[in-house]
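For reference, the chains in residue letters:
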Amino acid sequence: MKTQTAETTAPDGTKAPALIDAIPVRHPGRWVGAGILVLLVALIGQNLATNPQFHWDTVGLYLLDINVIRGVGWTLLLTVLSMALAVGLAILLAFMRQSDNPIFRWTSWFWVWFFRGTPVYTQLIFWGLVAVLYPKIAVGVPFGPELFSFTTQDVLTAFWAAVLGLGLNESAYLAEIFRAGLKSVDKGQMEAAEALGMRKGKIMWRIILPQAMRVIVPPTGNETIGMLKTTSLVLAVPFTLDLTFVTNSLANRTYLPIPLLIVSAAWYLFITSLLMVGQHFIEKHYGKGIDNLAPAAVNPAALKAAKAVTATKTNEIPEESGR
Amino acid sequence: MSSATTDTNLSPTPTTSPLVRIEGLHKYYGHHHVLQGIDMTVNEGEVAVLIGPSGSGKSTLLRCINQLETISAGRIYVDDELVGYKDKAGRLHELNVKDIARQRRNIGMVFQRFNLFGHKTALENVIEAPVHVKGQPRITAKRKALELLDRVGLASRADYYPAQLSGGQQQRVAIARALAMEPELMLFDEPTSALDPELVGDVLTVMKDLAKSGMTMVVVTHEIGFAREVGDTLTFMDGGVVVESGDPRDVIANPQQERTINFLSKVL
């Protein structure tokens, strides 16, 4: 790389041009805006600290209350399980949507249409009522003998009904996100893999999906945070151990709704922050090869091995400089 | 129909047995008649160069050979095996995905846009198919991949991602990736068309070395110099038909057809 502009007084004695030292443009508006914002923050802070209606002592009392902590645990469990279910279904739905089999394509389309088109609250109530619709679930040969059966209520407890309701609804949204991600990968990737003799399933799993993840992860992170808060609707099932239900019932018992709302909001914020940290690392993993590529991190061991190979050969093609 | 394995590999010198036979090949895209009856033979160890204006069907022809396009009529044989179909008592049966993949493994392909896997390093790109298609042990595949990368002059770039490599370097990695499957036929689809002019030479050098080593190659290109220097045959296509073909030096120096003369006057 040749230096063309910044000729500082280099060791070889070349002349340096006078670098520009201009006075920057002033931005008085920025200072006014900043002043107003600082004032507003101070006012809010003062009010939070002095308004007795916030009952900060009560907030402190219930923030680490065992019932609240349990509620946090259930909320997390609901979020994780229903997202896992949704991601698994979404991958399947996205692949089905790209399938050559029209029945698969239509099924996937219908699924998304249905679960995205009805309110999650309605779906949750429905899953809670499945036991009324089908009191007994039997497994057997269609039109033939029954192999075994069980009572719906024993299997589809309120918790699992909630997971199913949340997960199936979410799968419809995630399927669209995954579909967009798969479409974002250049067609040439598929062709190159096919030309190497790879089979479709392997190409999807090893070549297309990993690259699609770069596009899929940010909106999926968004959905996960959305799911964390949607779990507060599981009352519809009714499932009554999650964070929102617990803090609401504590509020009703103590007649102090505001501090308990603060307790639950603080926990949701805390979990959201944790999820954001997780998302950062997942994004970094799938950005491999595209994002954060600054100077190539050369693995010293591999370089050594490469040199060993190169040393044995003589006619090497000169590499282009500049990259 | 004979099986894929033949005894021709025993002789390293180019023989005259045809490796690729194309007979009466037609291809339609809807109503668009892209290939209008192509007959062509590529012998083992030969370098066949395809030239022609864009839209002449030369890339489509190449893509038909490894089934990135389905053909509408005619037959393609590679190594005496019918490509894409099985002939059972005069009736053609489509091959299943497993057999298509098997046929493709014998054929390496290099694309105009490189198509390296962006989330994998140069080395990972090269070992992907040997490990996950052929089931080679990773360590063996790695050693061979480093040799191949060295052969294309990029051993020191083994741990770079495609985005960190220049176009010319990416294309050379792509060639190494195709060679890793030890194909008996290499297809090049305008391998230098997307490159800055100063990077074309390195890729052509690699291709020349490959030709010298006895690899059978079908090359779609606009590099007339390459055709003259390396090509054993030159085929000029226009409007979905072969207009003229023969020894590259003859065709270039002394074209017989009006359309060939026109085309060459523009690219030379």
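Residues numbered from 1 in each chain as written. Chains lettered and ligands numbered in written order. Predicted model: local features only at pLDDT ≥ 70, side-chain atom pairs only at ≥ 80, totals over all residues. Heavy atoms only, no water.

(A) Just the overall build of chain A, in detail. Helix and strand content of chain A: twelve helices and two strands. Listing each helix as α and each strand as β along chain A from the N terminus yields α-α-α-α-α-β-β-α-α-α-α-α-α-α. Looking at chain A residue by residue over its 323 residues, the buried ones come to 33%. The contacts in chain A between residues at least 6 apart in sequence include a share of 72% that link residues at least 24 apart. (Helix = DSSP H or I, 4+ residues; strand = E, 2+ residues; numbered from the N terminus. Buried < 20%, exposed > 50% of the residue type's maximum accessible area, 1.4 Å probe, protein only. Contact = heavy atoms within 4.5 Å.)

(B) Summary view of the overall build of chain B. Along the backbone of chain B there are nine helices and twelve strands. Its C-alpha atoms give chain B a radius of gyration of 18 Å, within 12% of the compact-globule value 18 Å for 268 residues. Oriented by its inertia axes, the alpha-carbon framework of chain B measures out at about 50 × 50 × 40 Å. For chain B, with 268 residues in total, the buried portion stands at 58%. Long-range contacts, defined as pairs at least 24 residues apart, comprise 64% of the intrachain contacts of chain B with a sequence gap of at least 6. Carbon and sulfur atoms make up 48% of the accessible area of chain B, which totals about 11100 Å². (Rg over C-alpha atoms; globule rule 2.2 N^0.38 Å. Areas by Shrake-Rupley, 256 points an atom, 1.4 Å probe, with all protein chains shown as cover.)

(C) Local environment of the sheet that holds strand 10 (residues 216–220) of chain B. Residue and element names in this part refer to chain B. Strand order across the open sheet formed by six strands is 8-9-10-3-11-12, with mixed pairing between neighbours. Among the strands making up the open sheet, the edge pair consists of strand 8 (107–110) and strand 12 (241–246). Neighbour-to-neighbour, the strand axes of the sheet open up by a mean angle of 15°, direction not taken into account. Judged from the four bridges that link them, strand 3 (residues 47–51) and strand 10 form a sheet pairing that is parallel. Within the sheet, the bridge partner assigned to Val49 lies in strand 10 and is Val219. (Pairing = 2+ DSSP bridges. Axes fitted to C-alpha atoms, helices over the stretch in contact; angles between N-to-C directions.)

(D) Region of interest: the packing of aromatic side chains. Residue and element names in this part refer to chain A. By the definition in use, this model includes 14 aromatic pairs over all chains. Arranged with centres 5.8 Å apart and planes meeting at 85°, the rings of Trp267 and Phe270 form a pair that is edge-to-face. With Trp267 and Phe270 both in helix 11 (residues 257–286) and three residues apart, this pair spans about one turn of that helix. Residue Phe270 is classed as partly exposed on the basis of its relative accessible area, which comes to 46%. (Phe/Tyr/Trp six-rings, centres within 6.5 Å; stacked < 30°, edge-to-face > 60°.)

(E) A look at the sheet that holds strand 1 (residues 18–29) of chain B. Residue and element names in this part refer to chain B. Taken together, four strands build an open sheet; the order of strands is 2-1-4-5 and the sheet is antiparallel. The sheet is open, and its two borders are formed by strand 2 (32–43) and strand 5 (81–82), each paired with just one other strand. As paired strands, strand 1 and strand 2 are joined by nine bridges and run antiparallel to one another. Considered in strand 2, the bridge of Pro18 is made with Asn43. Lying on the sheet, helix 1 (residues 58–65) is in contact with strand 1, strand 2 and strand 4 (73–78); it crosses strand 1 at an angle near 120°.

(F) Spatial organisation of a nonpolar patch on the surface. All names here are of chain A. Together, Val32, Ile36, Leu37, Leu39, Leu40 and Leu43 give the surface a local cluster of nonpolar side chains, amounting to about 600 Å² of exposed area. Within the secondary structure layout, Leu37 lies in helix 1 (residues 28–50). The exposure class assigned to Leu37 is exposed, which follows from its relative accessible area of 54%. (Patch = residues over 30% accessible without salt bridge, like charges linked within 9 Å, V, L, I, M, F, W, Y side chains within 5 Å. Salt bridge = Lys/Arg side-chain N within 4 Å of Asp/Glu carboxyl O.)

(G) The arrangement of the pattern of salt bridges in detail. Tallied over the entire structure, the rule returns 21 salt bridges over all chains. Between Arg63 of chain B and Glu191 of chain A there is a salt bridge, and its shortest N-O distance comes to 2.5 Å. With Arg63 of chain B in helix 1 and Glu191 of chain A in helix 8 (residues 187–195), the pair connects residues from two separate chains. Grouping residues by exposure puts Arg63 of chain B and Glu191 of chain A together as buried. With its nearest N and O atoms 3.5 Å apart, the salt bridge here joins Arg172 of chain B to Asp202 of chain B. Here Asp202 of chain B lies in helix 6 (residues 197–212) and Arg172 of chain B lies in helix 5 (residues 167–179), a separation of 30 residues in the sequence. Look at Arg172 of chain B and you get buried, because its relative accessible area is 0%. The class for Asp202 of chain B is buried, based on a relative accessible area of 13%. Through salt bridges with shared partners, one network takes in Arg97, Arg116, Glu176 and Arg179 of chain A.

(H) The arrangement of helix 11 of chain A in detail. Residue and element names in this part refer to chain A. In this model, helix 11 (30 residues) spans 43 Å end to end at C-alpha, consistent with the 44 Å of a helix rising 1.5 Å per residue. The complete set of buried residues in helix 11 reads Pro259, Leu260, Val263, Ser264, Trp267, Tyr268, Ile271, Thr272 and Gln279. Each element contacted by the buried residues of helix 11 is listed here: helix 2 (56–63), helix 3 (66–97), helix 9 (200–230) and helix 10 (243–254). (Expected span 1.5 Å × (residues − 1).)

(I) Summary view of the pairing of strand 4 of chain B. Residues and elements named next belong to chain B. Bridge count between strand 1 and strand 4: five bridges; the pairing is antiparallel. Paired with His26 across the strands is Ala73, a residue of strand 4. Bridge count between strand 4 and strand 5: two bridges; the pairing is antiparallel. Bridged to Tyr77 within strand 5 is Leu82. The hairpin turn running from strand 4 into strand 5, its antiparallel successor, is two residues long, and Asp79 in that turn takes a positive phi close to 55°.

(J) Just the nonpolar core, in detail. One finds Ile22, Leu25, Leu61 and Leu185 of chain B to be the most contacted residues of the largest nonpolar core, which totals 79 residues. Per element, the largest residue contribution to this core is twelve residues, and it comes from helix 7 (residues 158–184) of chain A. Beyond its immediate sequence surroundings of up to four residues, Ile22 of chain B is in contact with Ile38, Asp39, Met40, Leu61, Ile65, Arg75 and Ile76 of chain B. Core analysis: the second largest hydrophobic core is formed by 53 residues, Ala141, Ala145, Val203 and Phe236 of chain B among them. (Core = buried A, V, L, I, M, F, W, Y, C linked by side-chain atoms within 4.5 Å.)

(K) Broad picture of the environment of Ser265 of chain B. Residue and element names in this part refer to chain B. By the secondary structure assignment, Ser265 is in helix 9 (residues 258–267). The exposure class assigned to Ser265 is exposed, which follows from its relative accessible area of 52%. Through-space distance from the C-alpha of Ser265 to that of Val97 is 44 Å; in sequence the pair is 168 residues apart.

(L) The side chain of Ser56 of chain B, seen in detail. All names here are of chain B. Along the chain, Ser56 falls in the loop between strand 3 and helix 1. A polar side-chain atom of Ser56 sits 2.7 Å from the main-chain carbonyl oxygen of Pro53. The contact partners of Ser56, leaving out residues within four places of it in the chain, are Val34, Met237, Asp238, Gly239 and Gly240. (Polar contact = N/O pair within 3.5 Å; in protein donor to acceptor, adjacent residues only side chain to side chain.)

(M) Just the packing of helix 3 of chain A against helix 10 of chain A, in detail. Residue and element names in this part refer to chain A. Contact pair helix 3 / helix 10: the axes reach a minimum separation of 7 Å and the direction vectors enclose 155°. The angle between helix 3 and helix 10 places the two elements in the roughly antiparallel class. Across from Asn67, Val68, Gly71, Val72 and Thr75 in helix 3, the residues of helix 10 making contact are Leu243, Val246, Thr247 and Leu250. A class-by-class count of the residues in the contact of helix 3 with helix 10 yields five nonpolar, four polar and no charged. (Parallel < 35°, antiparallel > 145°, perpendicular 65-115°, else oblique. Nonpolar A, V, L, I, M, F, W, Y, C, P; charged D, E, K, R; others polar.)

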